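Single-letter residue listing:
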Amino acid sequence: MANFEAYQEYQRIEDFEEDSPPGEEDLLVHVPEGLKDSWHHIKNLDNFFTRIYHFHQKNGFACMMVSEFFELVQFLFVVTFTTFLVNCVDYDVLFANRAVNHTGPSQNPLDRNKVTLPDAILPTEQCTQSIEENSWIIFLLFMAAIFWVYRLVKVFCNFLSYWEIRQFYIKALKIKMDELCNFTWQEVQDRLISLQREQQMCIHKKELTELDIYHRILRFKNYMVAMINKSLLPVQLQLPLLGNVVFLTQGLKYNFELILFWGPCSLFQNKWNLHPKYKRSGNRLELAQQLSRVILLMGLANLLLCPFILVWQVLYAFFSYTEIIRREPGSLGARRWSLYGRLYLRHFNELNHELHERLGRGYKPTSKYMNSFTSPLLAVLAKNIAFFSGSVLAVLIALTVYDEDVLTVQHILTAITVLGIVITVTRSFIPDEHMVWCPEQLLQCMLAHIHYMPDHWRGNANKSETRDEVAQLFQYKAVFILEELLSPIVTPFILIFLLRNKSLEIIDFFRNFTVEVVGVGDICSFAQMDIRRHGNPTWMSEGQTEASVYQQAENGKTELSLMHFTIKNPHWQPPQESSVFISHLKEKVHHDAQGGPSTQLLLSEAPLCTSLHSNESASGPDSLLASVLAHPVLTASGLQGRDHRFVPPSSAASAAASVLASLSNSQFAHPGRGHPHSIPPSSIHPESTMYRSDRTVIDSMTNSLSHIRSNALHSEFASAEMSLHAIYLHELHQHSSHPQRSMGQWQNVPMRELHTNTGLQAHGCLGSNISMPTPVLGHWQEEEEEEDEQEINSSSTSKQGTGGSC
């Protein structure tokens, strides 16, 4: 148990607005008279808005129902096919351990001993008898049948539920199903907000805001992000020989949420209210003991179900990955964002599609950074192993080409397959001969998209410790599979021996960091993004925050989340404290921009900027970001033809400030383009631009990109603007926290290659690539509704222009 003194500085956060209504179960959805027969008296607005969001993200009713249908069929197939393989196949015949004699007048004597597939399948009576005699098989089939019936009932309920959402989209939001894919979530959200003004879906608030909708969809997710941010959940383990290991799997995360949020003994009495007893500090010790007992029972239940879950995990992995490994063994060496990484890097109030898009953009620079670390000894060993394996494989292939009867030799196909896998794996350890060593620049490119980076990474990008910490966020696909297979075994011990010890801290966390909001219910106070209550003085919040060390979000999570939400939702009116922070940031940007380089100079330094106005050029947002990333390196390199005046070493901040000061809404100044809902009047504030516009530069970009849809262009510029803010705030934080270190951060960057091969460096390390995720090659789907979209995986599609190899 945690001692009370360590947490006595926690204080109850005051309510952000007025007291919450006594019973939100009375919330109603008011609809026109003609629609009342379809839906009315909707009590759970959390579920309502979540279904609306997932309906949009999963591309409508047909796609969702077909997907759920095939999930049922897939489960049925795995159970049936596994039972058939175990009980209905004669493996002595299949492996030719017992001869089979086909006799008959028309039978070719040469074919009498040839084994066919039907010969290895047992008769139906014998197969049935084998199943009936095995009590374990009958028990497992019975349990599988119960689970499948439960899933069938759930699919039927989802059918009725999402049919209502379909009618709501068509009749209330006026969006046809064949046009759903053409609407962004922001457009759907705008229509929801407009509908609230007319019909009062939430009876306790006259108007809904974007933040209200986000709160309801991400209520529990924001708690999880906050607990990861405050290092409350026991996901970091100290293991012998392995050291610090992060272990967070789908099964472990499912248990966390079951215990804390929606299980029968969870802390929430319903989906929108924390139980009142957890809001009082008098019985915190007793509540901690109760929670400890719940965790113990959950751990024992996991231990009891461990064999069954483990069997299912192994079967699922076998059917999902065996063919992929045989056809493309290198896929195991590809990387993906870990579940821990997605929670650690997630902003407060960031929806799934926003997170996937952002991490997709950061996939390529992160992959380059991880691939830039090589072991010379391992590379030598890999080259020789690949040579020997390739030599043997070449001989076997040549023999099979000369005479195909070689394939009938026992284990010859196995040898060819294994040798091919060995060659593929060993080649992954051989570095690219064209690779340029530039870890600091790649780390800066990563930061532009992932937005979060521990302070000790800066200046230590070339150290293996930093790489190991990045690997915790960006893991191998093979590591992901191994962790999921081990999850049924490890999860019970984490619950019993680690999470139980956090019971008192968890009780204190929910009491101190839960607030009530009118028309929304209980939410995590960090999700309010309140600078005064959760800001950090070293992240531009000095003089604006009253938070103690325990109340401050780590790594600038409050400040960066506020900027991200403000940019993504330009019509949102932030509260007073947040508005003061944004105004202060704007003044700081203008001040730093006055002493920084001009936007024209920055663009002239960006990769491929000479072709900016051509049709094949990089997009405007790409070039803006690339110019900021390139400027400090080119300044320090002393390239010929540049003005050699002194530029401060912290020029990344001044470069970002110059571009931010130039980046305004001139690219959206043409009223004839786009929809009024998708292109707001300002990228920061709906009524006035946040930064002064350099219209010559920005308008020229817009003219060259007139063929792009306006809402897509706005999304690209919004992402680039947030990336610039992340770089700028991190630079200011480094200067505030470590002034001496920040002054010399670019002096440690090796510039040898820049003088000899500037083009390669600019295109490879400094180019800004915006990558979009593609479907993963088989994966465990997340249990919760919010996470069963496609995973960020190793196959990332990048735009043409600034890409390269570092």
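Because the structure is a prediction, the values reported are computed rather than measured.

1. Some words on the overall build of the chain
1) Next: Counting its regular elements, the chain contains 31 helices and 8 strands.
2) Next: Residue burial in the chain is summarised as follows: out of 806 residues, 52% are buried.
3) Next: Contacts spanning at least 24 positions in sequence make up 78% of the contacts within the chain whose residues lie at least 6 apart.

2. Quick notes on the packing of aromatic side chains
1) Next: Counted according to the given criterion, the structure contains 40 aromatic pairs.
2) Next: Arranged with centres 5.5 Å apart and planes meeting at 70 degrees, the rings of phenylalanine 318 and phenylalanine 319 form a pair that is edge-to-face.
3) Next: On the numbers, 5.5 Å between centres and 65 degrees between planes, the contact of phenylalanine 387 with phenylalanine 388 is edge-to-face.
4) Next: Residue phenylalanine 387 is classed as exposed on the basis of its relative accessible area of 52%.
5) Next: Joined through ring pairs, the aromatic side chains of Phe220, Tyr223, Phe261, Phe268, Phe348, Phe509, Phe510, Phe513 and Phe526 make up one cluster.
6) Next: It is arginine 335 that lies over the ring of tyrosine 476; its NZ or CZ is 3.7 Å from the centre.

3. Points about helix H7 (residues 210-217)
1) Next: In terms of burial, H7 is a largely internal element, 8 of the 8 residues being buried.
2) Next: For H7, every residue scored as buried is listed here: Glu210, Leu211, Asp212, Ile213, Tyr214, His215, Arg216 and Ile217.
3) Next: Buried residues along H7 sit in contact with helix H1 (45-57), helix H6 (185-199), helix H8 (219-229), helix H12 (352-361), strand S6 (521-524) and helix H22 (557-568).

4. Describing the state of the cysteines
1) Next: Evaluation of the coordinates by the stated rule reveals 1 disulfide.
2) Next: Each sulfur of the disulfide joining cysteine 88 and cysteine 127 lies 1.6 Å from the other. Of this pair, cysteine 88 sits in the loop between helix H2 (61-87) and helix H3 (91-94) while cysteine 127 is found in helix H4 (residues 124-132), placing the two residues 39 residues apart along the sequence. Per residue, the accessibility class of cysteine 88 equals that of cysteine 127, and both read buried.
3) Next: The cysteine cysteine 63 is free of any disulfide, with cysteine 181 supplying the nearest cysteine sulfur at 6.9 Å.
4) Next: For cysteine 63, a relative accessible area of 44% corresponds to the partly exposed category.

5. Topic: the UniProt feature "transmembrane region" (unreviewed entry) in the chain
1) Next: Cross-referencing UniProt, the feature "transmembrane region" (unreviewed entry) maps to residues 136-153, 294-319, 377-399 and 411-430 in the present numbering.
2) Next: Between the end C-alpha atoms of residues 136-153 the distance is 26 Å, and the span holds 100% helix and 0% strand.
3) Next: Along residues 377-399 the backbone is 100% helical and 0% strand, and the end-to-end C-alpha distance reaches 34 Å.

6. Details of the nonpolar core
1) Next: Among the nonpolar cores identified, the biggest contains 135 residues, and Ile52, Tyr169, Trp185, Met227, Leu267 and Phe510 are the most heavily contacted of them.
2) Next: When residues of this core are assigned to their parent elements, the largest contribution, 8 residues, is made by helix H28 (residues 710-737).
3) Next: With residues near it in sequence (within four places) discarded, leucine 267 still touches Ile259, Leu260, Leu274, His275, Tyr278, Leu291, Ile506, Ile507 and Phe510.
4) Next: Counting 6 residues, the second-largest nonpolar core is a separate cluster that includes Leu396, Ile412, Leu419 and Ile423.

7. Some words on a nonpolar patch on the surface
1) Next: On the surface, Trp136, Phe139, Leu140, Phe142, Met143, Ile146, Leu304, Leu305, Phe308 and Ile309 cluster together into a nonpolar patch covering about 970 Å² of accessible area.
2) Next: Breaking the nonpolar patch down by element, the ones donating at least two residues are helix H5 (135-172) and helix H10 (284-327).
3) Next: In terms of residue count, H5 provides more of the nonpolar patch than any other element does, 6 residues in total.
4) Next: Tracing the chain through its elements places tryptophan 136 in helix H5.

8. So, helix H15 (residues 412-427)
1) Next: Spanning 16 residues, H15 covers 23 Å between terminal C-alpha atoms, matching the ideal 22 Å at 1.5 Å per step.
2) Next: When H15 is considered as a whole, its buried residues turn out to be Ile412, Ile416, Leu419, Ile423 and Thr426. Buried residues along H15 cover an arc of 105 degrees about the axis, so they all sit on one side.
3) Next: Buried residues in H15 make contact with helix H14 (376-402).

9. A closer look at the environment of threonine 514
1) Next: Topologically, threonine 514 is positioned in strand S5 (residues 514-517).
2) Next: For the pair threonine 514 and tyrosine 278, spaced 236 residues apart in sequence, the C-alpha separation works out to 9.9 Å.
3) Next: Within polar-contact distance, the side chain of threonine 514 engages the side chain of tyrosine 223 at 2.8 Å.
4) Next: Polar contacts involving the side chain of threonine 514 include one to the main-chain carbonyl oxygen of phenylalanine 510, which spans 2.5 Å.

10. A word on the pattern of salt bridges
1) Next: Throughout the structure, instances matching the rule amount to 19 salt bridges.
2) Next: The salt bridge involving lysine 502 is made with glutamate 505; its shortest N-O contact spans 3.8 Å.
3) Next: Its relative accessible area of 13% is what places glutamate 505 among the buried residues.

11. With respect to the packing of H2 against H10
When two helices pack together, their arrangement is given by the angle between the helix axes and the distance between those axes.
1) Next: Closest axis-to-axis distance for the H2/H10 pair is 11 Å, and the angle between their directions is 100 degrees. When the axis of H2 is compared with that of H10, the two are roughly perpendicular. When H2 is examined against H10, the residues Gln74, Phe75, Val78, Phe81 and Thr82 are found in contact with a partner set consisting of Trp312, Leu315, Tyr316 and Phe319.
2) Next: Of the residues that constitute the contact of H2 with H10, the class distribution is 7 nonpolar, 2 polar and no charged.

12. Some details on empty space enclosed by the protein
1) Next: Evaluation of the coordinates by the stated rule reveals 8 cavities of 30 Å³ or more.
2) Next: Looking at the largest cavity, its volume works out to about 100 Å³.
3) Next: Taken together, Glu350, Glu354, Glu357, Arg358, Arg361, His449, His451, His564, Lys568, Ser719, Met722 and Ser723 form the lining of the largest cavity.
4) Next: At 4 residues, H12 tops the list of elements feeding residues into the lining of the largest cavity.

So, how was this worked out
- Here the residue index of a chain counts from 1 through its sequence in written order.
- Owing to the predicted nature of the model, reporting of local features is limited to residues with pLDDT of at least 70; listing and counting of side-chain atom pairs is limited to 80 or more, with chain, interface and lining totals taken over all residues.
- Values shown for side chains rest on all heavy atoms present in the structure; no hydrogens or waters enter the calculation.
- Secondary structure elements follow DSSP: runs of H or I of four or more residues count as helices, runs of E of two or more count as strands, with numbering from the N terminus.
- For every residue, the accessible area (1.4 Å probe, protein chains only) is compared with the maximum for its type, and the residue is labelled buried under 20%, exposed over 50%, or partly exposed between those bounds.
- The contact definition used throughout considers only heavy atoms, calling two residues in contact when any of these lie within 4.5 Å.
- Two rings belonging to Phe, Tyr or Trp (six-membered ring only in the last case) form a pair when the distance between their centres is within 6.5 Å. Interplanar angles under 30 degrees mark stacking, angles over 60 mark edge-to-face geometry, and anything in between is tilted.
- Charge-over-ring placement is defined geometrically: NZ (Lys) or CZ (Arg) within 6 Å of the ring centre, and within 35 degrees of the ring normal.
- Pairs of cysteine sulfur atoms within 2.5 Å are what we label disulfides.
- UniProt positions are given in the numbering used here, feature names are shortened, and annotations may be inferred rather than shown by experiment.
- Here, nonpolar core means buried Ala, Val, Leu, Ile, Met, Phe, Trp, Tyr and Cys residues that are tied together by side-chain atoms lying within 4.5 Å of each other.
- By definition, no residue in a patch forms a salt bridge, and every one has over 30% relative accessible area; like charges are joined within 9 Å, nonpolar side chains (Val, Leu, Ile, Met, Phe, Trp, Tyr) within 5 Å.
- Only the protein chains shown count as cover for residues, and the accessible areas themselves come from Shrake-Rupley with a 1.4 Å probe.
- By definition here, a salt bridge exists when the distance from a side-chain nitrogen of Lys or Arg to a carboxyl oxygen of Asp or Glu is within 4 Å.
- Under the convention used throughout, the expected extent of a helix is 1.5 Å for every residue step, that is, one less than its residue count.
- Picture the helix axis, draw a direction to every C-beta atom, and the arc is the one those directions span.
- Polar contacts here mean pairs of N or O atoms no more than 3.5 Å apart (in protein, one a potential hydrogen donor and the other a potential acceptor; neighbouring residues in sequence count only if both atoms are side-chain atoms).
- Lines fitted to the C-alpha atoms define the axes, with helices restricted to the stretch that makes contact. Angles between their N-to-C directions range from 0 to 180 degrees.
- Here the angle decides the label: under 35 degrees means roughly parallel, over 145 means roughly antiparallel, 65 to 115 means roughly perpendicular, and every other value means oblique.
- Any residue that is not Ala, Val, Leu, Ile, Met, Phe, Trp, Tyr, Cys, Pro, Asp, Glu, Lys or Arg is counted as polar, Gly included; the first ten are nonpolar and the last four charged.
- A 1.4 Å probe that fits into a set of points on a 1 Å grid over the protein atoms alone but cannot get out defines a cavity; an open set with protein on both sides within 12 Å along at least five of seven lines defines a pocket, and lining residues are those with an atom within 4 Å of a point.
- Grid points are joined across faces, edges and corners, and a volume is the space filled by probe spheres set on the points.

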